[in-house]
Amino acid sequence: MAEVSIREATKSYGATLVLHGVNIDIDDGQFVVLVGPSGCGKSTLLRMVAGLESVTGGDIDIGGRTVNNLSPARRDIAMVFQSYALYPHKTVEQNMGFSLKLKKIDPKVVAEKVRSAAEILELTPLLKRYPRQLSGGQRQRVAMGRAIVRDPRVFLFDEPLSNLDAQLRVQMRTEIKELHQRLKTTTIYVTHDQIEAMTMADKIVVMNAGRIEQIGAPLELFDRPANLFVAGFIGSPSMNRLKGTVTGNGRQVDVSGAVFPAPDLPLADGRQVVYGVRPEHFELADDGVEVRVAVVEPTGSETLVYARAGEIEIVALFRERHDVRTGDHIRIRPKAGHIHIFDAADGTRL
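What counts, and at which threshold
Residues numbered from 1 in each chain as written. Predicted model: local features only at pLDDT ≥ 70, side-chain atom pairs only at ≥ 80, totals over all residues. Heavy atoms only, no water. Helix = DSSP H or I, 4+ residues; strand = E, 2+ residues; numbered from the N terminus. Buried < 20%, exposed > 50% of the residue type's maximum accessible area, 1.4 Å probe, protein only. Contact = heavy atoms within 4.5 Å. Pairing = 2+ DSSP bridges. Axes fitted to C-alpha atoms, helices over the stretch in contact; angles between N-to-C directions. Polar contact = N/O pair within 3.5 Å; in protein donor to acceptor, adjacent residues only side chain to side chain. Salt bridge = Lys/Arg side-chain N within 4 Å of Asp/Glu carboxyl O. Core = buried A, V, L, I, M, F, W, Y, C linked by side-chain atoms within 4.5 Å. Expected span 1.5 Å × (residues − 1). Arc of directions from axis to C-beta.

Participant: What's the story with the environment of proline 131 in this structure? I'm lost.
Facilitator: Along the polypeptide, proline 131 turns up in the loop between helix H3 (107-120) and helix H4 (136-148). Of the residues examined, proline 131 reaches a relative accessible area of 8% and is grouped as buried. When the C-alpha atoms of proline 131 and threonine 174 are compared, they prove to be 22 Å apart, with 43 residues separating the residues in sequence. Residues contacting proline 131, with those up to four places away along its chain left out, are Leu86, Tyr87, Pro88, Lys90, Asn95 and Arg139.

What follows is the structure, encoded as C-alpha coordinates:
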(Lines give C-alpha, C1' and ligand atoms only; values in the text may rest on other atoms or scores of the structure.)
Protein backbone atom coordinates (compact mmCIF):
# COMPACT_ATOMS: atom_id res chain seq x y z
CA MET A 1 0.00 0.00 0.00
CA ALA A 2 1.04 3.61 -0.49
CA GLU A 3 -0.11 7.17 -0.12
CA VAL A 4 -0.59 9.24 -3.29
CA SER A 5 0.12 12.96 -3.49
CA ILE A 6 -0.87 15.10 -6.48
CA ARG A 7 0.61 18.60 -6.32
CA GLU A 8 -0.24 21.44 -8.70
CA ALA A 9 -0.79 18.95 -11.51
CA THR A 10 -1.54 20.47 -14.90
CA LYS A 11 -2.20 18.91 -18.28
CA SER A 12 -2.16 20.64 -21.65
CA TYR A 13 -2.88 19.41 -25.15
CA GLY A 14 -1.15 22.01 -27.27
CA ALA A 15 -2.50 25.39 -26.20
CA THR A 16 -5.50 23.84 -24.46
CA LEU A 17 -5.16 23.51 -20.69
CA VAL A 18 -7.44 20.70 -19.43
CA LEU A 19 -6.20 20.39 -15.82
CA HIS A 20 -5.58 23.54 -13.81
CA GLY A 21 -3.20 22.96 -10.88
CA VAL A 22 -4.89 20.01 -9.16
CA ASN A 23 -3.94 19.21 -5.54
CA ILE A 24 -5.06 15.96 -3.86
CA ASP A 25 -3.63 14.02 -0.91
CA ILE A 26 -4.69 10.37 -0.66
CA ASP A 27 -3.85 8.49 2.51
CA ASP A 28 -2.45 4.98 2.61
CA GLY A 29 -5.34 2.52 2.20
CA GLN A 30 -7.92 5.19 1.40
CA PHE A 31 -10.68 4.76 -1.21
CA VAL A 32 -10.94 8.05 -3.12
CA VAL A 33 -13.47 8.70 -5.88
CA LEU A 34 -12.94 11.32 -8.59
CA VAL A 35 -16.39 12.39 -9.76
CA GLY A 36 -17.69 14.95 -12.20
CA PRO A 37 -19.41 15.39 -15.56
CA SER A 38 -17.97 14.10 -18.83
CA GLY A 39 -14.98 16.17 -19.90
CA CYS A 40 -14.12 17.47 -16.42
CA GLY A 41 -10.63 15.90 -16.49
CA LYS A 42 -11.07 13.05 -14.00
CA SER A 43 -10.02 10.24 -16.38
CA THR A 44 -7.12 12.32 -17.67
CA LEU A 45 -5.91 12.78 -14.09
CA LEU A 46 -6.21 9.05 -13.39
CA ARG A 47 -4.22 8.25 -16.54
CA MET A 48 -1.54 10.69 -15.39
CA VAL A 49 -1.29 8.81 -12.09
CA ALA A 50 -1.04 5.56 -14.06
CA GLY A 51 1.66 6.94 -16.38
CA LEU A 52 -0.53 6.60 -19.49
CA GLU A 53 -0.56 10.40 -19.88
CA SER A 54 2.42 12.69 -19.34
CA VAL A 55 2.38 15.40 -16.69
CA THR A 56 2.61 18.91 -18.13
CA GLY A 57 3.29 20.54 -14.79
CA GLY A 58 3.40 19.70 -11.09
CA ASP A 59 4.26 16.38 -9.43
CA ILE A 60 2.65 13.04 -8.74
CA ASP A 61 4.09 11.04 -5.83
CA ILE A 62 3.31 7.40 -5.02
CA GLY A 63 4.64 6.09 -1.73
CA GLY A 64 6.82 9.17 -1.28
CA ARG A 65 8.47 8.80 -4.69
CA THR A 66 7.89 11.23 -7.57
CA VAL A 67 6.77 9.13 -10.54
CA ASN A 68 6.39 11.80 -13.26
CA ASN A 69 9.07 10.21 -15.42
CA LEU A 70 8.51 6.56 -14.51
CA SER A 71 6.85 4.13 -16.92
CA PRO A 72 3.53 2.56 -15.88
CA ALA A 73 5.28 -0.75 -15.21
CA ARG A 74 7.59 0.87 -12.65
CA ARG A 75 4.86 2.67 -10.69
CA ASP A 76 3.59 -0.45 -8.91
CA ILE A 77 -0.04 0.28 -9.79
CA ALA A 78 -2.80 -1.83 -11.35
CA MET A 79 -5.60 -0.37 -13.47
CA VAL A 80 -9.10 -1.71 -14.18
CA PHE A 81 -10.70 -0.26 -17.30
CA GLN A 82 -14.28 0.26 -18.40
CA SER A 83 -13.78 -2.13 -21.34
CA TYR A 84 -12.42 -5.12 -19.29
CA ALA A 85 -9.56 -5.52 -21.87
CA LEU A 86 -9.45 -9.32 -21.62
CA TYR A 87 -7.69 -11.55 -24.15
CA PRO A 88 -10.53 -13.44 -25.88
CA HIS A 89 -8.31 -16.45 -26.75
CA LYS A 90 -7.11 -16.95 -23.18
CA THR A 91 -8.99 -18.57 -20.32
CA VAL A 92 -9.90 -16.74 -17.13
CA GLU A 93 -6.91 -18.34 -15.44
CA GLN A 94 -4.56 -17.31 -18.25
CA ASN A 95 -5.92 -13.75 -18.36
CA MET A 96 -5.45 -13.31 -14.62
CA GLY A 97 -1.90 -14.62 -14.60
CA PHE A 98 -0.66 -13.16 -17.87
CA SER A 99 1.09 -10.07 -16.45
CA LEU A 100 2.99 -12.22 -13.94
CA LYS A 101 3.94 -14.66 -16.68
CA LEU A 102 5.46 -11.78 -18.67
CA LYS A 103 7.62 -10.97 -15.65
CA LYS A 104 8.86 -14.59 -15.70
CA ILE A 105 7.62 -15.25 -12.19
CA ASP A 106 7.71 -18.87 -11.04
CA PRO A 107 4.63 -20.65 -12.52
CA LYS A 108 3.85 -22.13 -9.09
CA VAL A 109 3.73 -18.63 -7.57
CA VAL A 110 1.54 -17.42 -10.45
CA ALA A 111 -0.86 -20.33 -9.97
CA GLU A 112 -1.11 -19.65 -6.23
CA LYS A 113 -1.77 -15.94 -6.75
CA VAL A 114 -4.42 -16.67 -9.37
CA ARG A 115 -6.06 -19.27 -7.11
CA SER A 116 -6.11 -16.84 -4.18
CA ALA A 117 -7.59 -13.99 -6.26
CA ALA A 118 -10.17 -16.35 -7.79
CA GLU A 119 -11.33 -17.38 -4.32
CA ILE A 120 -11.69 -13.75 -3.24
CA LEU A 121 -13.78 -12.93 -6.32
CA GLU A 122 -15.66 -16.26 -6.45
CA LEU A 123 -14.18 -17.08 -9.85
CA THR A 124 -12.79 -20.52 -9.04
CA PRO A 125 -15.47 -22.45 -11.03
CA LEU A 126 -14.83 -20.20 -14.05
CA LEU A 127 -11.04 -20.45 -14.35
CA LYS A 128 -11.14 -22.66 -17.46
CA ARG A 129 -13.74 -20.59 -19.29
CA TYR A 130 -13.09 -17.99 -21.98
CA PRO A 131 -14.33 -14.35 -21.80
CA ARG A 132 -17.09 -15.04 -24.38
CA GLN A 133 -18.57 -17.57 -21.96
CA LEU A 134 -18.90 -15.02 -19.14
CA SER A 135 -21.47 -12.40 -18.20
CA GLY A 136 -20.51 -8.72 -18.00
CA GLY A 137 -20.19 -8.88 -14.24
CA GLN A 138 -18.01 -11.98 -14.41
CA ARG A 139 -15.73 -10.33 -16.98
CA GLN A 140 -15.34 -7.32 -14.74
CA ARG A 141 -14.40 -9.58 -11.81
CA VAL A 142 -11.76 -11.23 -14.02
CA ALA A 143 -10.36 -7.78 -14.83
CA MET A 144 -10.26 -7.05 -11.10
CA GLY A 145 -8.60 -10.41 -10.45
CA ARG A 146 -5.93 -9.63 -13.01
CA ALA A 147 -5.18 -6.47 -11.02
CA ILE A 148 -5.22 -8.24 -7.64
CA VAL A 149 -2.63 -10.88 -8.59
CA ARG A 150 -0.10 -8.13 -9.21
CA ASP A 151 -0.41 -7.11 -5.54
CA PRO A 152 -0.03 -3.41 -6.44
CA ARG A 153 0.47 -0.52 -4.06
CA VAL A 154 -2.40 1.41 -5.72
CA PHE A 155 -5.55 0.30 -7.55
CA LEU A 156 -6.89 2.58 -10.29
CA PHE A 157 -10.46 2.12 -11.58
CA ASP A 158 -11.63 4.02 -14.67
CA GLU A 159 -15.47 3.88 -14.78
CA PRO A 160 -15.43 0.07 -14.43
CA LEU A 161 -19.20 -0.33 -14.05
CA SER A 162 -20.51 1.89 -16.85
CA ASN A 163 -21.02 -1.05 -19.25
CA LEU A 164 -23.20 -2.98 -16.80
CA ASP A 165 -26.96 -2.87 -16.30
CA ALA A 166 -28.42 -1.06 -13.29
CA GLN A 167 -28.94 -4.11 -11.05
CA LEU A 168 -25.48 -5.49 -11.75
CA ARG A 169 -23.90 -2.11 -11.08
CA VAL A 170 -25.36 -2.10 -7.58
CA GLN A 171 -24.02 -5.62 -6.96
CA MET A 172 -20.57 -4.85 -8.37
CA ARG A 173 -20.06 -1.64 -6.43
CA THR A 174 -20.77 -3.60 -3.24
CA GLU A 175 -18.23 -6.22 -4.30
CA ILE A 176 -15.59 -3.59 -5.06
CA LYS A 177 -16.12 -1.92 -1.69
CA GLU A 178 -15.92 -5.28 0.11
CA LEU A 179 -12.76 -6.07 -1.84
CA HIS A 180 -11.19 -2.80 -0.70
CA GLN A 181 -12.14 -3.45 2.91
CA ARG A 182 -10.48 -6.86 2.66
CA LEU A 183 -7.28 -5.87 0.83
CA LYS A 184 -6.99 -2.29 2.20
CA THR A 185 -5.11 -1.20 -0.91
CA THR A 186 -5.04 2.52 -1.75
CA THR A 187 -7.68 3.01 -4.43
CA ILE A 188 -8.51 5.82 -6.86
CA TYR A 189 -11.83 5.33 -8.61
CA VAL A 190 -13.23 7.46 -11.45
CA THR A 191 -16.95 7.74 -12.17
CA HIS A 192 -19.51 10.25 -13.45
CA ASP A 193 -22.17 8.57 -11.27
CA GLN A 194 -22.54 10.44 -7.99
CA ILE A 195 -24.46 7.52 -6.43
CA GLU A 196 -21.36 5.33 -6.93
CA ALA A 197 -19.25 8.07 -5.40
CA MET A 198 -21.50 8.50 -2.36
CA THR A 199 -21.81 4.79 -1.60
CA MET A 200 -18.20 3.72 -2.18
CA ALA A 201 -15.85 6.53 -1.22
CA ASP A 202 -13.97 7.37 1.94
CA LYS A 203 -13.28 10.71 0.27
CA ILE A 204 -14.81 12.32 -2.81
CA VAL A 205 -13.07 14.76 -5.16
CA VAL A 206 -15.64 16.73 -7.18
CA MET A 207 -14.16 18.01 -10.45
CA ASN A 208 -15.49 20.45 -13.01
CA ALA A 209 -13.77 21.85 -16.12
CA GLY A 210 -10.32 20.68 -15.00
CA ARG A 211 -10.59 22.13 -11.50
CA ILE A 212 -11.46 20.75 -8.07
CA GLU A 213 -14.71 22.15 -6.70
CA GLN A 214 -14.62 20.41 -3.32
CA ILE A 215 -12.94 17.52 -1.49
CA GLY A 216 -14.52 15.78 1.47
CA ALA A 217 -16.32 12.80 2.94
CA PRO A 218 -19.57 11.85 1.14
CA LEU A 219 -21.92 13.18 3.82
CA GLU A 220 -19.83 16.32 4.24
CA LEU A 221 -20.34 17.16 0.56
CA PHE A 222 -24.03 16.27 0.80
CA ASP A 223 -24.70 18.31 3.94
CA ARG A 224 -22.42 21.28 3.23
CA PRO A 225 -21.77 21.73 -0.50
CA ALA A 226 -19.19 24.45 -1.08
CA ASN A 227 -20.95 25.94 -4.08
CA LEU A 228 -23.86 25.60 -6.48
CA PHE A 229 -22.03 23.13 -8.72
CA VAL A 230 -21.45 20.65 -5.90
CA ALA A 231 -24.97 21.24 -4.57
CA GLY A 232 -26.44 20.33 -7.94
CA PHE A 233 -24.11 17.42 -8.68
CA ILE A 234 -24.16 15.59 -5.36
CA GLY A 235 -27.54 14.17 -4.39
CA SER A 236 -30.29 12.46 -6.37
CA PRO A 237 -32.76 13.98 -7.12
CA SER A 238 -30.77 17.17 -7.42
CA MET A 239 -31.10 20.02 -4.93
CA ASN A 240 -33.70 22.68 -5.71
CA ARG A 241 -31.82 25.91 -6.49
CA LEU A 242 -34.15 28.90 -6.59
CA LYS A 243 -33.03 32.45 -7.41
CA GLY A 244 -34.45 34.99 -4.98
CA THR A 245 -34.05 38.20 -2.99
CA VAL A 246 -33.50 38.53 0.75
CA THR A 247 -36.41 40.32 2.50
CA GLY A 248 -38.00 40.66 5.95
CA ASN A 249 -34.88 41.97 7.71
CA GLY A 250 -32.87 38.99 6.48
CA ARG A 251 -35.34 36.38 7.69
CA GLN A 252 -36.95 35.51 4.35
CA VAL A 253 -36.13 34.94 0.69
CA ASP A 254 -38.62 36.03 -1.96
CA VAL A 255 -38.51 33.72 -4.97
CA SER A 256 -40.73 35.29 -7.66
CA GLY A 257 -43.43 36.03 -5.10
CA ALA A 258 -43.12 32.81 -3.12
CA VAL A 259 -41.67 33.63 0.30
CA PHE A 260 -39.45 31.05 2.04
CA PRO A 261 -37.88 31.24 5.52
CA ALA A 262 -34.17 32.05 5.61
CA PRO A 263 -31.62 30.53 8.00
CA ASP A 264 -30.02 32.65 10.71
CA LEU A 265 -27.39 34.37 8.59
CA PRO A 266 -26.27 38.03 8.41
CA LEU A 267 -28.11 38.69 5.13
CA ALA A 268 -29.03 42.22 4.06
CA ASP A 269 -32.41 42.88 2.48
CA GLY A 270 -32.18 43.17 -1.28
CA ARG A 271 -29.26 40.78 -1.62
CA GLN A 272 -29.54 38.38 -4.56
CA VAL A 273 -29.11 34.76 -3.49
CA VAL A 274 -29.86 31.22 -4.58
CA TYR A 275 -32.09 29.35 -2.14
CA GLY A 276 -31.25 25.65 -1.93
CA VAL A 277 -33.38 22.83 -0.52
CA ARG A 278 -33.00 19.13 -1.25
CA PRO A 279 -36.25 17.43 -2.38
CA GLU A 280 -36.31 15.14 0.67
CA HIS A 281 -36.10 18.17 2.99
CA PHE A 282 -39.53 19.56 2.06
CA GLU A 283 -42.53 18.70 4.22
CA LEU A 284 -46.25 19.34 4.02
CA ALA A 285 -47.31 22.23 6.29
CA ASP A 286 -50.35 24.48 6.58
CA ASP A 287 -48.10 27.56 6.80
CA GLY A 288 -45.93 26.54 3.82
CA VAL A 289 -45.74 27.93 0.28
CA GLU A 290 -48.68 26.93 -1.89
CA VAL A 291 -47.73 24.93 -5.00
CA ARG A 292 -49.67 23.18 -7.74
CA VAL A 293 -48.77 19.52 -8.32
CA ALA A 294 -47.70 18.88 -11.92
CA VAL A 295 -46.47 15.27 -11.81
CA VAL A 296 -46.50 12.56 -9.14
CA GLU A 297 -44.06 9.62 -9.32
CA PRO A 298 -44.72 6.95 -6.65
CA THR A 299 -42.01 4.29 -6.28
CA GLY A 300 -43.38 2.46 -3.25
CA SER A 301 -40.78 3.50 -0.71
CA GLU A 302 -41.11 7.19 -1.59
CA THR A 303 -43.12 9.63 -3.69
CA LEU A 304 -41.52 12.22 -5.96
CA VAL A 305 -43.65 15.31 -6.57
CA TYR A 306 -42.95 17.88 -9.30
CA ALA A 307 -44.78 21.11 -8.50
CA ARG A 308 -45.00 24.77 -9.50
CA ALA A 309 -45.48 28.00 -7.59
CA GLY A 310 -46.17 30.46 -10.38
CA GLU A 311 -43.15 30.14 -12.69
CA ILE A 312 -41.05 28.35 -10.08
CA GLU A 313 -40.47 24.62 -10.49
CA ILE A 314 -39.94 22.67 -7.27
CA VAL A 315 -39.20 18.98 -6.71
CA ALA A 316 -40.23 17.44 -3.38
CA LEU A 317 -39.67 13.88 -2.17
CA PHE A 318 -41.83 12.36 0.56
CA ARG A 319 -40.93 9.11 2.27
CA GLU A 320 -44.31 9.02 3.99
CA ARG A 321 -47.28 8.16 1.81
CA HIS A 322 -49.53 11.14 1.04
CA ASP A 323 -52.64 11.19 -1.13
CA VAL A 324 -51.23 13.75 -3.56
CA ARG A 325 -52.46 13.87 -7.15
CA THR A 326 -51.74 15.84 -10.28
CA GLY A 327 -53.55 19.18 -10.17
CA ASP A 328 -53.76 19.30 -6.37
CA HIS A 329 -52.76 22.44 -4.50
CA ILE A 330 -50.57 21.65 -1.49
CA ARG A 331 -48.44 23.67 0.91
CA ILE A 332 -44.81 22.78 1.51
CA ARG A 333 -42.00 24.22 3.59
CA PRO A 334 -38.31 23.36 4.04
CA LYS A 335 -37.37 21.52 7.20
CA ALA A 336 -35.52 23.63 9.75
CA GLY A 337 -31.76 23.22 9.55
CA HIS A 338 -31.79 22.00 5.94
CA ILE A 339 -31.75 25.29 4.04
CA HIS A 340 -28.74 26.27 1.92
CA ILE A 341 -28.04 29.83 0.81
CA PHE A 342 -25.61 30.59 -2.03
CA ASP A 343 -24.35 33.89 -3.40
CA ALA A 344 -26.12 34.57 -6.71
CA ALA A 345 -23.01 36.18 -8.24
CA ASP A 346 -20.31 33.55 -7.72
CA GLY A 347 -22.30 30.54 -6.46
CA THR A 348 -20.37 30.12 -3.20
CA ARG A 349 -22.14 28.90 -0.08
CA LEU A 350 -22.95 31.61 2.46
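Participant: Can you walk me through the environment of arginine 153 in this structure?
Facilitator: Following the sequence through the fold, arginine 153 ends up in the loop between H4 and strand E7 (154-158). Under the relative-accessibility criterion, arginine 153 is labelled partly exposed at 30%. Beyond its immediate sequence surroundings of up to four residues, arginine 153 is in contact with Met1, Ala2, Ile62, Gly63, Asp76, Thr185 and Thr186.

Participant: Any chance you could explain the sheet that holds strand E3 (residues 31-35) here in plain terms?
Facilitator: Whenever strands of a sheet pair, they do so through backbone hydrogen bonds, lying parallel or antiparallel. The sheet built from 6 strands is open, its strands ordered E6-E7-E8-E3-E9-E10 with mixed pairing. The open sheet is flanked by strand E6 (77-80) and strand E10 (211-216), the only strands paired with a single partner. On average, adjacent strands in this sheet sit at an angle of 15 degrees to one another, irrespective of strand direction. Summarising the sheet, E6 and E7 pair through 4 bridges and their orientation is parallel. Directly across from isoleucine 77, in E7, lies its bridge partner valine 154.

Participant: Before we go on, may I ask you to explain the side chain of glutamine 140 in this structure?
Facilitator: Looking at where glutamine 140 falls in the secondary structure, it is placed in helix H4. Here the side chain of glutamine 140 touches proline 160 through a polar contact of 2.4 Å, landing on its backbone oxygen.

Participant: Is there a simple way to explain the pattern of salt bridges in this structure?
Facilitator: Oppositely charged side chains can pair when the atoms bearing their charge come close. Under the counting rule described, the total for this entry stands at 18 salt bridges. Among the ionic pairs, aspartate 287 bridges to arginine 333, the shortest N-O distance being 2.7 Å. Of this pair, aspartate 287 sits in strand E15 (residues 282-298) while arginine 333 sits in strand E18 (residues 329-334), placing them 46 residues apart in sequence. Residue aspartate 287 is classed as exposed on the basis of its relative accessible area of 59%. Salt bridges here are not isolated pairs; linked through shared partners, they connect Arg7, Asp59 and Asp61.

Participant: Could you clarify how one ought to interpret the nonpolar core in this entry?
Facilitator: Soluble globular proteins tend to bury their nonpolar side chains together. By size, the foremost hydrophobic cluster in this structure holds 44 residues, and its most contacted members are Met96, Met144, Ile176 and Tyr189. The dominant element in this core, judged by the number of residues it contributes, is H4, at 5 residues. Setting aside anything within four residues of it in sequence, one finds isoleucine 176 in contact with Phe31, Met144, Phe157, Pro160, Leu161, Tyr189 and Met200. Core analysis: the next-biggest nonpolar cluster, separate from the first, contains 29 residues, Ile6, Cys40, Val49 and Val67 among them.

Participant: How should I be thinking about the pairing of strand E2 (residues 16-26) in this particular structure?
Facilitator: One face of the sheet, then the other: side chains in a regular strand alternate in exactly this way. Alignment of strand E1 (residues 4-13) against E2, held across 7 bridges, turns out to be antiparallel. Opposite tyrosine 13, over in E2, you have threonine 16 as the bridge partner. Following E1, the chain reverses through 2 residues before pairing antiparallel with E2; glycine 14 in that reversal takes a positive phi of roughly 65 degrees.

Participant: Honestly, the sheet that holds strand E4 (residues 57-62) in this entry has me stumped. Any pointers?
Facilitator: In space, the 4 strands of this open sheet follow the order E2-E1-E4-E5, with antiparallel pairing throughout. Strands at the two margins of the open sheet, each flanked by one partner only, are E2 and strand E5 (65-66).

Participant: Would you mind going over H3 with me for this structure?
Facilitator: Each turn of an α-helix holds 3.6 residues, which means side chains three or four residues apart point in the same direction. Here H3 is 14 residues long and its end C-alpha atoms lie 20 Å apart, about the 20 Å a rise of 1.5 Å per residue gives. Every buried residue of H3 is accounted for by Val110, Val114, Ala117 and Ala118. Along the long axis of H3, the arc covered by the buried residues comes to 100 degrees, so they all point the same way. For H3, the secondary structure elements touched by its buried residues are helix H2 (92-102) and H4. Following H3 by one or two positions, glutamate 122 adopts a phi angle in the positive range, close to 55 degrees.

Participant: Quick question: what am I supposed to make of unusual backbone geometry here?
Facilitator: Peptide bonds are trans in most cases, and residues, glycine excluded, mostly fall at negative phi. With an omega of 0 degrees, the peptide bond running from serine 236 to proline 237 counts as cis. Along the chain, proline 237 falls in the loop between helix H8 (228-233) and strand E11 (240-247). For glutamate 122, which is not glycine, the phi torsion reads 55 degrees and is therefore positive. Examined against the element boundaries, glutamate 122 turns out to sit in the loop between H3 and H4.

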